[in-house]
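Read off the chains here:
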Amino acid sequence: MKDFLRNTWKHRAHVVMALPAFLVLFFIMYVPMAGLVMAFKNFDFSKGIWGSPWAGLGNFKFLLASKATFINMTKNTLMYYVIFTALGTFLNVVLAIAIDQFVFKKAAKVMQTLMIIPVFISYAAVQFIVYAFISTDTGILNNALGMTTRFYSTPSMWPAILTIVKIWNSVGYGSVLYMSVLAGIDTELYEAAQIDGANKWQQIWHITLPALIPMITVMLLLSVGNIMRSDTGLFYQVTRNSGVLYPTTQVIDSYVLNAIFKSSNFGFTAATSFFQSVVGLLMMLFANGLVRKISPEDALF
Amino acid sequence: MSKRKGNAADLAPSKMEKKGPGQYVLGFFLLLYTLFCALPVLLVFIAAFTDEKAITQNGFSFFPEKWSLNGVNAVLRYGKQLLTSYGITIFITVAGTALGLLIMSMFAYSISRRDFRLSKFLSIYLLIPMLFNGGQLSGYIIFTSYYGLKDSLWLLILPLCVTTMNVIILRTYIANSIPNELMEAAKIDGAGEYRTFFQITLPLLKPSLAAVGFMMATAYWNDWQNALLYITTDAKKPLQLLLVNIQKSIEFLLNNSNVPASARAAMGGNIPQYSSTMATVLVVIGPIMVAYPFFQKYFVKGLTVGSVKG
């Protein structure tokens, strides 16, 4: 203990340097964690989180009683997580390999620059672009195909629309990380494979893909902790927060955002948030444990 | 990476023979995907300069019948609010990014010091927010009723200021790319801890700071959610909130179709039109489009998260 104190005193400059970020994390991230207790309280604005009376599991009973909403948004959250993660990872890898294999490097560079641009456009702006394509009367899609599809009141269309928007937004940028790995592969490996008579596909299968596995693992692992969270802007802005579309577009995060604006159902919302945080934590621990078993060097902690 | 460049001369012949038909097929598909990404952005430019009547009659188009500067003029008529919002957005982007980079790199530097016993605890402290999160509702109530920061610019800056991932990227860069001997030598020459950090470490950290900084700046520039949750006065509204408000007023008009024509006329320029809306979008996304190519080269170099753990 005395050693520890002496060591800390010796490093007092480092303690001072770590302090500002420590405090920001404390007030912005840690204090709201304690606020999750409101899931077990009968929240009253005038009494605050800690002053409100305890409600036991009342909020969770309420959650189960109005389970249609709860199940719908949980189902949507998970569905989009699976689609976005599976399809997104696949396309990230395909695009990274495709650009890497392309021999016209100058053209590849220009194309890549253009592919990354969408990630820098906020969803508050994206929704206007989406509207230009799919609005009923003025949309490019309807005009080009001579149809009058009312996209904004047809829930069944939205899983496809949101998936396309998400891919448009994120795949170009997502592939950059994988490209940085590909750039590090020793070219002699490919030459040796060529001499041994391996064709392009065999080279990709036996050299390129195995080299990408660690990065894929890390990225999947990082995303699993967010399994219950969504890209709120995509579901809140791009859908124009339209109630008609909720059956296929409402996710937990957009529900919570709406609840905050309407200052309603705080008990229900708090219980949902608690569920969301706990499931996220469990999934992260589970995924990390799994990776630790299979290939310890890729585990996060 | 260097290997590839090292024997470029020997590779030249085999590179030539690789330009087979397969390359052109690959190029075709890459071009298709590029168009898929770029055309929607191009549409913003075109629609912003399209005549309003052409849009209402024929819909949005890549080849408008009539061009017009009216949309852009309408945006300029927002005048003061637009300038204010630009000011706010630039302020939170610059202040937030600078503050975040400074305090995150100091934190990353501290926990990467060998023989600093507290660094183990600090690393775990850093990792926990990535695993467990209080969520939006709890954050909202604590920031507004307990910290009393409703309608404060602090809530546009602090929540995006320190992120676990960014600290990890910075720490990885310090551990892998800045030789510890340099810092030791500086200390032997009599530089204090702070001087060592600011004069040796920080300058060498530049590539990583550029990559992280640009991603932070984008996050600040594009943040609509915190603004929508916390900001109420016009004087503090950032650009993204203007976009959200335009959409809200369009929705209001659509949902209240019984608003009489005279009332609509009285609202005059306040009724957002297609072309002026797109011109606003253009004004909001423009600066990032311009800045981005200059930072692209740092992405691959600085954002290598391959070795995130430590």
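Each value, and the rule that gives it
What you see as residue numbers is a count from 1 along each chain, following the sequence as written. Both sets of labels track the order of writing: A upward for chains, 1 upward for ligands. Whole-chain, interface and lining totals are the exception, using all residues; otherwise, since this is a predicted model, local features are given only for residues with pLDDT of at least 70 and side-chain atom pairs are given and counted only at 80 or more. To qualify as a helix, a DSSP run of H or I must reach at least 4 residues; to qualify as a strand, a run of E must reach at least 2; elements of each kind are numbered from the N terminus. Once C-beta atoms are placed from the backbone, each residue is buried if 20 or more other C-beta atoms lie within 10 Å of its own, exposed if 12 or fewer, and partly exposed for counts between those two. Once C-beta atoms are placed from the backbone, any two residues with those atoms within 7 Å are in contact. Amino acids outside the nonpolar list (Ala, Val, Leu, Ile, Met, Phe, Trp, Tyr, Cys, Pro) and the charged list (Asp, Glu, Lys, Arg) are all regarded as polar, and Gly is one of them. Think of each axis as a best-fit line through the C-alpha atoms, taken over the contacting stretch in the case of a helix, with angles from 0 to 180 degrees between the N-to-C directions. For classification purposes, an angle smaller than 35 degrees is called roughly parallel, one larger than 145 roughly antiparallel, one from 65 to 115 roughly perpendicular, and anything else oblique. Should the near helix be turned anticlockwise from the far one by less than a right angle, the crossing is left-handed, and should it be turned clockwise, the crossing is right-handed. Residue-level confidence of the predictor, termed pLDDT, takes values from 0 up to 100.

## Quick notes on the overall build of chain A
Line of reasoning, step 1. A tally of helices and strands in chain A yields 15 helices and 0 strands.
Line of reasoning, step 2. With the C-alpha coordinates aligned to their principal axes, the bounding extent of chain A is approximately 75 × 75 × 35 Å.
Line of reasoning, step 3. Looking at chain A as a whole, 37% of its 301 residues are labelled buried.
Line of reasoning, step 4. Taking the intrachain contacts of chain A between residues at least 6 apart in sequence as the baseline, contacts between residues at least 24 apart amount to 70%.

## Observations concerning the overall build of chain B
Line of reasoning, step 1. Across its full length, chain B holds 17 helices and 0 strands.
Line of reasoning, step 2. Relative to its full complement of 310 residues, chain B shows a buried share of 36%.

## Comments concerning the environment of leucine 95 of chain A
Line of reasoning, step 1. Mapped onto the elements, leucine 95 of chain A comes out in helix α5 (residues 67-101).
Line of reasoning, step 2. C-alpha of leucine 95 of chain A to C-alpha of leucine 23 of chain A: the two residues are 72 residues apart in sequence and 41 Å apart in space.

## Some words on the interface of chain A and chain B
Line of reasoning, step 1. Facing 82 residues of chain A, the contacting portion of chain B comprises 90 residues.
Line of reasoning, step 2. Per-element tally for the side of chain A that touches chain B: the top contributor is helix α2 (residues 12-35) of chain A, with 15 residues.
Line of reasoning, step 3. The residue makeup of the side of chain A that touches chain B, split by class, is 53 nonpolar, 25 polar and 4 charged.

## Focus: the packing of helix α15 (residues 266-294) of chain A against helix α8 (residues 135-146) of chain B
Line of reasoning, step 1. α8 of chain B packs onto α15 of chain A with a crossing angle of 120° between their chain directions and a minimal axis gap of 7 Å. The angle between the axes of α15 of chain A and α8 of chain B places the two elements in the oblique class. Between α15 of chain A and α8 of chain B, the contacting residues are Thr269, Ala270, Ser273, Gln276 and Ser277 of chain A on the first element and Gly135, Leu137 and Ser138 of chain B on the second.

## Overview of the packing of helix α6 (residues 105-116) of chain A against helix α3 (residues 21-48) of chain B
Line of reasoning, step 1. α3 of chain B packs onto α6 of chain A with a crossing angle of 30° between their chain directions and a minimal axis gap of 8 Å. Taken together, the axes of α6 of chain A and α3 of chain B lie roughly parallel to each other. At the point where α6 of chain A passes α3 of chain B, the crossing takes the left-handed sense. Of the residues in α3 of chain B, those touching α6 of chain A at Ala107, Met111, Leu114 and Met115 of chain A are Gly27, Leu30, Leu31, Tyr33, Thr34, Cys37 and Ala38 of chain B.

## Notes on unusual backbone geometry
Line of reasoning, step 1. Positive phi is not limited to glycine here, since arginine 240 of chain A has a value of about 55°.
Line of reasoning, step 2. For arginine 240 of chain A, the position within the fold is in the loop between α12 (232-236) and α13 (246-249).
Line of reasoning, step 3. The class for arginine 240 of chain A is partly exposed, based on 17 C-beta atoms found within 10 Å.
Line of reasoning, step 4. Positive phi values are uncommon outside glycine, yet aspartate 151 of chain B reaches one of about 65°.
Line of reasoning, step 5. Checked against the element boundaries, aspartate 151 of chain B lands in the loop between α8 and α9 (154-157).
Line of reasoning, step 6. By the C-beta count within 10 Å, which is 13 here, aspartate 151 of chain B ends up partly exposed.

## Quick look at the environment of serine 263 of chain A
Line of reasoning, step 1. Looking at the secondary structure, you find serine 263 of chain A in the loop between α14 (252-262) and α15.
Line of reasoning, step 2. Each C-alpha atom, one on serine 263 of chain A and one on tyrosine 178 of chain A, is 43 Å from the other, the two residues being 85 residues apart in sequence.

## Looking at the confidence of the model for chain B
All names here are of chain B.
Line of reasoning, step 1. Per-residue confidence for chain B gives a mean pLDDT of 84; residues scoring 70 or more make up 85%.
Line of reasoning, step 2. Considering only residues more than four positions removed or in separate chains, one finds that residues 1-17, a stretch of pLDDT under 50, has 6 contacts.
Line of reasoning, step 3. Among the prediction metrics, the complex's ipTM stands at 0.89, with pTM recorded as 0.88.

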